[in-house]
Amino acid sequence: MAVVSWKEICLLTGLVVGCYWNSLFCGFVFDDVSAILDNKDLRPSTPLKNLFLNDFWGTPMSEVTGVVGRAELLSSIFLLAAFLAYTKSKGADHSIVWTPIISTVFLVAVATLCKEQGITVIGICCIYEVFVAQGFTLPMLIDTLLQVLRGKDGFPYAVLQTLLKLIVLIISTLLLVIVRVQVIQSQLPVFTRFDNPAAVSSTPSRQLTFNYLLPVNAWLLLNPSELCCDWTMGTIPLVESLLDPRNLATVVFYAMLSLLAYHSLWYGHSSAKIVMMALSLIVLPFIPASNLFFPVGFVVAERVLYVPSMGFCVLVAHGFKLLSQRGALKKTSWLLMGVLLTTHAVKTFNRNWDWESEYTLFTSALKVSRNNAKLWNNVGHALENQNSYERALRYFLQATRVQPDDIGAHMNVGRTYKNLNRSREAEEAYLIAKSLMPQIIPGKKYATRVAPNHLNVYINLANLIRANDSRLEEADQLYRQAISMRPDFKQAYISRGELLLKMNKPSEAKDAYLRALELDHTNADLWYNLAIVNIEMKDPSEALRNFNRALDLNPRHKLALFNSALLMQESGEAKFRPEANRRFLTYVKEEPDDANGYFNLGMLAMDANENEEAERWMREAIRLQPGFRSALFNLALLYSQSQRELDALPVLEELLRYHPEHVKGLILKGDILMNHRKDTPGAKACFERILNMDPSNVQAKHNLCVVYFEERELQRAERCLMETLAMAPHEEYIRRHLAIVRNKMASMSTAGQLIAPTEGGSESDKQQEQKQQDKQEEEEGVSSQGHGQSKKLDAGQPDKRTKSKSTKEIKDIEKKRAAALKRLEEIERILSSD
């Protein structure tokens, strides 16, 4: 093996860094999104073993710059390491050295875990052993086998050693295959005809196209000028006839390959051995992507050419060496090599910028092929992610024109129309997509003939039409249809559970969520949804248990944190208060801009009589959400309970500026104005304002009667209280207050004092009456029904809910809150009379 100097290492490193440094500025695009950003196996809470159980097999990728493509690079590195280890398995005395062989098997296993083609290094090692290490040529090998078969000679000792090593390699290969099959659970991925149209074509189109793809890949190695991130669908039209001129490229390719194979197999010199190893690196790693043993999910994928490109580079380097050794061509060969390296380095650098974003990547691909509907769809997705729906729609519509039977394209059109609030067009697009779905064939498993994401057309259509309450049964039928086609369709159960909640069928919704949990019991959102169903079924203890299960799986599940804390708070049990407080604190760390979290922290602090903390949290909620009705009212109530009634007035003014019809705020303001500011006209205006909005409001009516009493209009107060009693004949406090007023009127009449007329009266009469009343300070009186001792009211806005996890308010929690919030307690100022 040639020794590589530090200068050569530094030169090579500098060249690689120079070519790829700009890739550091590129984002996660294409398959990186699903394989990395959305991959639950990469999250800290996921068990490490899941990395070995789940895979993204068959996913197309096309550049080193894409992070998903690093799987092929990693596999290539371990493949080379395995091969280099094997080259040291032959001792100086031609004996077997087992340590390198064991290392080879281990490295092959690691390479296979990275990508399946890693296992092909076993074949490369076998070719190396036979044709390089043992020095056989094909004629020599045939002659040796014939002699053994004729009984003229036995196997030489060196051949027996070779057979032993090959047997070990082959057995290890079989074991790795068995393990890999177990990992994918004996199931190949489901691909559609859009992924690889040739795979579902008839003879001879299928064979002609697959053979034509070989020279296409060879041309990409020779001239990578037009690169594309996705070669599926119509990028390469099918070769449907023997008269297609593209068949000439297939013939030329096989002719060149045959010449190279003949040269390497029939001759034993060093040049032949180099060509032999180059061909093995080119051909064998490409076999898994050749459709010879199983269909693959792509037509062409540049990522599968990583290892073959190594063999191609060996051929180029060998050719360069041969040319440079000829004096007349030495300078020319160096010039050509310099031009080759420079142009490819520039091409690589520029290509990296295509991977800067999904939009730049897919628009660059459209420059190579405009017949691939998937590329039009992907540009649309990139624009959709930027909320540019009108532009996205144009690309999605173009995808349907390029490939009219593309189900996904019609689904994209429908989704975009929905985002544009064009429901009728959205439904039409979904119906077209639904009509293109494969029909059920008796005796054939439907799930093996349809891409799982295409079944989402039923979900999307049902989600669209269930916005109309008259079509809920129709939506339910679509969910059930999707489930019948694929019983393990988890999202169908989830969406159906949401619909059943909307249809007020919590028991059936619970069954749907339980079935979904059987398919995915580690899904925190499902446990959360089940907890919401428990609330609807009036089972708060079970709801809390399921909220806790969701938090066990995802301790930062925001909605589970919020609603479980809210449930604990509404239970009224002191034992839950610290944990509820902790969860609300965690929630506000995750959602620092959500005023609801701070508001509920304030409510908990009020429950614990921690007034300073409560004030701080309420103030923060109001800062984040100016005009926050519940926070403003309860802050005013907090001041009122803390004997800071005058501090409450500015808060109430702000509340009523945003919510001028807030009845409880008006009552509290009127109570403070009358009892603490002695501003009866202001209090009177508050109560009259309520009665203008709601003439049947007993509390406002009663308090207005108290205002009349305070203004010494006893007859008017009496009549007012009689009207109030007629509105609420069972309220004892109104009877008591009416009796107080009548007793007052009687005592004044006995004393010969004038009773103020119901309305009007001269100014001198009123002044005289006021003097007489001043002499009788602190006599009998009635009080307004205020908030001085009341509990917190108007406790909150609608509860936080998951996005489309439930379709109505948590009624049970609201009822508990209403029950906990007592009616305003009366405060009577009954003074002793003479």
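Every chain's residues receive numbers from 1 upward, in the order its sequence appears when written. Local features are withheld for residues below a pLDDT of 70 in this predicted model, meaning they are given only at 70 or higher, and side-chain atom pairs are given and counted only at 80 or more; totals for whole chains, interfaces and linings count all residues. With hydrogens and water excluded, all non-hydrogen atoms of the structure serve as input to the side-chain values.

Some words on the overall build of the protein chain
Consideration 1: In this text, helices come from DSSP runs of H or I with a minimum length of four residues, and strands from runs of E with a minimum of two, each type numbered from the N-terminal end. Each helix and strand counted, the protein chain has 37 helices and zero strands in total.
Consideration 2: Exposure is judged per residue with a 1.4 Å probe applied to protein chains only, and the accessible area is read against the type maximum: over 50% gives exposed, under 20% gives buried, and values in between give partly exposed. Relative to its 834 residues, the protein chain shows a buried fraction of 48%.
Consideration 3: Nonlocal contacts in the protein chain, meaning residues at least 24 apart in sequence, comprise 64% of its contacts between residues at least 6 apart. Residue contacts are counted whenever heavy atoms from the two residues lie within 4.5 Å of one another.

Focus on the packing of helix α33 (residues 698-710) against helix α35 (residues 732-750)
Consideration 1: Fitting a line to C-alpha atoms yields each axis, with helices limited to the stretch in contact; the angle taken between N-to-C directions then spans 0 to 180 degrees. Relative to each other, α33 and α35 sit at 15°, their axes nearing to 12 Å. By the angle between their directions, the pair α33 and α35 is classed as roughly parallel. In the packing of α33 onto α35, the handedness of the crossing is left-handed. Between α33 and α35, the contacting residues are V698, H702 and F709 on the first element and Y733, I734, H737, V741 and K744 on the second. Convention used here: angles under 35 degrees read as roughly parallel, angles over 145 as roughly antiparallel, angles from 65 to 115 as roughly perpendicular, and any remaining angle as oblique. Put simply, a crossing is left-handed when the front helix is turned counterclockwise from the back one by less than a right angle, and right-handed when it is turned clockwise.

So, the environment of F298
Consideration 1: On the secondary structure map, F298 appears in the loop between α11 (270-283) and α12 (306-324).
Consideration 2: Judged by relative accessible area, F298 falls into the buried class, the value being 5%.
Consideration 3: Considering only alpha carbons, one finds F298 and P197, 101 residues apart in sequence, at a separation of 8.8 Å.

Thoughts on the side chain of T680
Consideration 1: With respect to the helices and strands, the residue T680 is situated in helix α32 (residues 680-693).
Consideration 2: A residue is classified by how much of its surface remains accessible, and T680, at 17% relative accessible area, is buried.
Consideration 3: In contact with T680, other than residues within four places in its own chain, are M674, V707, E710 and E711.

Remarks on the UniProt feature "transmembrane region" (unreviewed entry) in the protein chain
Consideration 1: Using the residue numbers shown here, the UniProt feature "transmembrane region" (unreviewed entry) corresponds to residues 9-30, 95-113, 119-142, 163-183, 248-267, 274-298 and 304-323.
Consideration 2: Across residues 304-323, helical content stands at 90% and strand content at 0%; the span's end C-alpha atoms are separated by 30 Å. UniProt positions are given in the numbering used here, feature names are shortened, and annotations may be inferred rather than shown by experiment.

Quick look at helix α18 (residues 423-435)
Residues three or four positions apart in an α-helix share a direction because the helix packs 3.6 residues into each turn.
Consideration 1: The end-to-end C-alpha separation of α18 is 18 Å, in line with the 18 Å expected for 13 residues at 1.5 Å each.
Consideration 2: Turning to α18, its buried residues number three or more, namely E425, A426, E427, A429, Y430 and A433.
Consideration 3: On the buried face of α18, the contacting elements are α17 (407-419) and α19 (456-465). A helix's residues, less one, multiplied by 1.5 Å, set its expected span.

Things to note about the state of the cysteines
Consideration 1: Our working definition of a disulfide is a cysteine sulfur pair at a distance within 2.5 Å. With the rule as written, the count across this model stands at one disulfide.
Consideration 2: Covalently, C705 is tied to C720 through a disulfide, its sulfur atoms 2.0 Å apart. Because the sign of the S-S torsion sets the handedness, a value of about -80° for the bond joining C705 and C720 places this disulfide among the left-handed ones. Of this pair, C705 sits in helix α33 while C720 sits in helix α34 (residues 714-727), and the two are 15 residues apart along the sequence.
Consideration 3: On the basis of relative accessibility, which here comes to 1%, the residue C705 falls in the buried class.
Consideration 4: Looking at the unpaired C229, the closest cysteine sulfur is the one in C228, lying at 5.1 Å.

Describing the nonpolar core
Consideration 1: Judged by nonpolar contacts, the single largest core of 166 residues is most densely connected at I236, V300, Y458 and F547.
Consideration 2: Counting residues per element, this core draws most heavily on helix α23 (residues 524-536), which supplies nine residues.
Consideration 3: Once you skip the residues sitting within four places of it in the chain, Y458 turns out to touch K434, M437, L478, Q481, A482 and M485. Put simply, a nonpolar core is a bunch of buried Ala, Val, Leu, Ile, Met, Phe, Trp, Tyr and Cys residues held in one set by side-chain atoms that sit within 4.5 Å of each other.

Section: the pattern of salt bridges
A side chain of one charge can pair with a side chain of the opposite charge when the charged atoms of the two come close.
Consideration 1: In what follows, salt bridge is the name for a side-chain nitrogen of Lys or Arg lying within 4 Å of a carboxyl oxygen of Asp or Glu. The tally for this structure, following the rule as stated, stands at 35 salt bridges.
Consideration 2: For R583, the salt bridge is made with E579, and the minimal N-O distance between the two is 2.8 Å. Taken together, the positions of R583 and E579, both in helix α26 (residues 577-590) and four residues apart, correspond to about one turn of that helix.
Consideration 3: By relative accessible area, which is 7% here, R583 ends up buried.
Consideration 4: Put simply, R716 and E713 hold a salt bridge, and the shortest N to O gap is 3.3 Å. Each member of the pair, R716 as well as E713, is classed as buried.
Consideration 5: Within this structure, R422, R424, E425 and E428 form a network of salt bridges that share partners.

Regarding the confidence of the model for the protein chain
Consideration 1: As a per-residue quantity, pLDDT reports the predictor's confidence and falls between 0 and 100. Confidence in the prediction for the protein chain averages 83 pLDDT; 82% of positions are at 70 or higher.
Consideration 2: Here helix α37 (residues 811-820) is the element of the protein chain with the lowest mean pLDDT, 38, and helix α16 (residues 389-402) is the one with the highest, 96.
Consideration 3: Here residues 758-782 is a poorly scored stretch, pLDDT under 50, and it has 42 contacts once near neighbours within four places are set aside; other chains count.
Consideration 4: Low pLDDT (under 50) marks residues 787-834, which in the prediction has 145 contacts with non-local residues, meaning those over four places away or in another chain.

With respect to a nonpolar patch on the surface
Consideration 1: A cluster of nonpolar side chains, namely L160, L163, I167, I171, L175 and I178, defines an oily patch on the protein surface of about 530 Å² accessible area.
Consideration 2: Take L175: it is sitting in helix α8 (residues 157-183). To count toward a patch, a residue needs a relative accessible area over 30% and no salt bridge; like charges are then connected within 9 Å, while nonpolar side chains (Val, Leu, Ile, Met, Phe, Trp, Tyr) are connected within 5 Å. Note on areas: Shrake-Rupley, 1.4 Å probe, and residue coverage restricted to the protein chains presented here.

Section: the packing of aromatic side chains
Consideration 1: In this scheme Phe, Tyr and Trp rings, the latter by its six-membered ring, pair at centre separations within 6.5 Å, and the angle between planes marks the pair as stacked below 30 degrees, edge-to-face above 60, and tilted otherwise. One pass over the structure, following the stated rule, counts 15 aromatic pairs.
Consideration 2: Consider the rings of F320 and W334, whose centres lie 4.9 Å apart with planes at 90°: the pair is edge-to-face. Here the residue F320 occupies a position in helix α12, and W334 occupies one in helix α13 (residues 330-354), the gap between them amounting to 14 residues.
Consideration 3: An aromatic cluster is built from W21, F25, F349 and W353, whose rings are joined through pairwise contacts.
Consideration 4: Only when the NZ of Lys or the CZ of Arg is both within 6 Å of the ring centre and within 35 degrees of the ring normal is a charge said to sit over the ring. Lying over the aromatic face of Y212, R246 brings its terminal NZ or CZ to 5.2 Å of the ring centre.

Overview of the side chain of S280
Consideration 1: The residue S280 is located in helix α11 in this model.
Consideration 2: Residues adjacent in sequence count toward polar contacts only when both atoms are side-chain atoms; beyond that, a polar contact is any pair of N or O atoms within 3.5 Å, and within protein one must be able to donate a hydrogen and the other to accept it. There is a polar contact of 2.7 Å between the side chain of S280 and the backbone oxygen of M277.
Consideration 3: Beyond its immediate stretch of four places on either side in the chain, S280 contacts I124, I127 and P285.

Side note on helix α24 (residues 540-553)
Consideration 1: With 14 residues, α24 ought to run about 20 Å at 1.5 Å a step, and its terminal C-alpha atoms sit 20 Å apart, in line with that.
Consideration 2: Where α24 is concerned, the buried positions are A543, L544, N546, F547, A550 and L551. Taken around the axis of α24, the buried residues stretch over an arc of 165°, which confines them to a single face.
Consideration 3: In this fold, the buried residues of α24 make contact with α23, α25 (558-571) and α26. Throughout, the arc means that of the directions going from the helix axis to the C-beta atoms.

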